[in-house]
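The primary structure of each chain is shown beneath.
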Amino acid sequence: MDQDIEFMKIAYLEALKCLEKDEVPVGAIIVKDNQIISSSHNLRQTTKLATAHAEILAIEEACKKLDSWYLDKCTLYVTLEPCVMCSGAIINSRIKKVVFGAYESRWLALTSIYQSEKPVNHHPEIIPGILEEQCSKVIKDYFKNKRKKDKS
């Protein structure tokens, strides 16, 4: 658990990089053998790509680094519960464990996919709510500030 907290703190720092770029503050890192092998944060606005979520970018980087699409010995740490798209990438890359901070309460996401009656071909270990308050607050504050800017 302490290790999960320490790695989530690093993912959180990755999320903070988004604030400089006016991106939704979500950060992700991938760890193998207690070493960070990839890290990223949301870059949808910057890249103008719908798929430039922190998780997707981190998974792509990890695959390149390991020269494999198979990440079965890796743990993904992400500050927000992965969306449907990112959950698909997690399933397809066979990530062993997913640790996330804030729950995604508005949309279908990782935990709801696994609670569905529909089968999926891979089930990572899921550890939710690590640094949940901190991870949730940065996203809520981002959108609160965004709404203020839009009104002015």
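Structure: see above.
Residues numbered from 1 in each chain as written. Predicted model: local features only at pLDDT ≥ 70, side-chain atom pairs only at ≥ 80, totals over all residues. Heavy atoms only, no water.

J.: Account for the packing of aromatic side chains, with residues named and values stated.
T.: Summed over all chains, the structure comprises four aromatic pairs. With 5.2 Å between their ring centres and 80 degrees between their planes, tryptophan 69 and tyrosine 70 make a pair best called edge-to-face. According to the relative accessible area criterion, tyrosine 70 is partly exposed, its value standing at 41%. Ring centres of tyrosine 142 and phenylalanine 143 lie 5.0 Å apart, and the angle between their planes is 80 degrees; this geometry places the pair in the edge-to-face category. Classification of tyrosine 142 as buried rests on a relative accessible area of 9%. Exposure remark for phenylalanine 143: the relative accessible area of 35% places this residue in the partly exposed category. (Phe/Tyr/Trp six-rings, centres within 6.5 Å; stacked < 30°, edge-to-face > 60°. Buried < 20%, exposed > 50% of the residue type's maximum accessible area, 1.4 Å probe, protein only.)

J.: Describe a positive patch on the surface, and please don't skip the residues or the numbers.
T.: There is a patch of like positive charges on the surface, built from Arg106, Lys144, Arg147, Lys148 and Lys151. Following the sequence through the fold, arginine 147 ends up in helix α6 (residues 132–151). (Patch = residues over 30% accessible without salt bridge, like charges linked within 9 Å, V, L, I, M, F, W, Y side chains within 5 Å. Areas by Shrake-Rupley, 256 points an atom, 1.4 Å probe, with all protein chains shown as cover. Salt bridge = Lys/Arg side-chain N within 4 Å of Asp/Glu carboxyl O. Lys, Arg positive; Asp, Glu negative; His and termini not counted. Charge placed at Lys NZ, Arg CZ, Asp CG, Glu CD. Helix = DSSP H or I, 4+ residues; strand = E, 2+ residues; numbered from the N terminus.)

J.: Outline the side chain of glutamate 55, supporting the account with residue identities and numerical values.
T.: Of note, glutamate 55 is situated in helix α3 (residues 54–66). The side chain of glutamate 55 is buried and forms no salt bridge, while arginine 44, the nearest opposite charge, is found at 9.1 Å. Here glutamate 55 is in contact with Val26, Ala28, Leu76, Val78, Leu80, Pro82, Cys83 and Cys86, once residues within four sequence places are set aside. (Contact = heavy atoms within 4.5 Å.)

J.: How would you sum up the nonpolar core? Please name residues and give values.
T.: Ranked by size, the top nonpolar core spans 40 residues in total, and within it Val26, Ile30, Ile59, Leu71, Leu76, Tyr77 and Ile95 carry the most contacts. Looking at this core, the elements with two or more residues in it are α1 (2–16), β1 (27–32), α3, β3 (74–80), α4 (84–93), β4 (97–102), α5 (110–115) and α6. When neighbours within four sequence positions are excluded, valine 26 is seen to be in contact with Ala15, Cys18, Ser40, His41, Asn42, Ala54, Glu55, Val78, Thr79, Leu80 and Ile139. (Core = buried A, V, L, I, M, F, W, Y, C linked by side-chain atoms within 4.5 Å.)

J.: Let's hear about the packing of α1 against α6: which residues, and what values?
T.: Contact geometry for α1 and α6: axes closest at 11 Å, N-to-C directions at 5 degrees. Taken together, α1 and α6 sit at an angle that is classed as roughly parallel. Contacts between α1 and α6 involve Met8, Tyr12 and Leu16 from the first element and Gln134, Cys135 and Val138 from the second. (Axes fitted to C-alpha atoms, helices over the stretch in contact; angles between N-to-C directions. Parallel < 35°, antiparallel > 145°, perpendicular 65-115°, else oblique.)

J.: So, the packing of α3 against α4: which residues are in play, and what are the values?
T.: One can describe the packing of α3 onto α4 by two numbers: an axis separation of 9 Å at closest approach and a directional angle of 25 degrees. The orientation of α3 relative to α4 falls into the category roughly parallel. Handedness of the α3/α4 crossing: left-handed. For the pair formed by α3 and α4, the contact residues are Glu55, Ile56 and Ile59 on the first element and Met85, Cys86, Ala89, Ile90 and Ser93 on the second. (Left-handed = near helix turned anticlockwise from the far one by under 90°.)

J.: Describe the pattern of salt bridges, and please don't skip the residues or the numbers.
T.: The full count for this structure, using the stated rule, is six salt bridges. For the salt bridge of lysine 97 with aspartate 4, the shortest nitrogen-to-oxygen distance reads 3.2 Å. One end of the pair, lysine 97, is in strand β4; the other, aspartate 4, is in helix α1, with 93 residues separating them in the sequence. For the pair lysine 97 and aspartate 4, a shared accessibility class is recorded, and that class is buried.

J.: So what about α4? Which residues, and what values?
T.: What sets the pattern is the α-helix's 3.6 residues per turn: residues three or four places apart point alike. Turning to α4, its buried residues number three or more, namely Cys86, Ser87, Ala89, Ile90, Ile91 and Ser93. A positive backbone phi angle near 65 degrees is found at arginine 94, which sits one or two residues after α4.

From the geometry alone we can't say anything about function, so treat these as descriptive.
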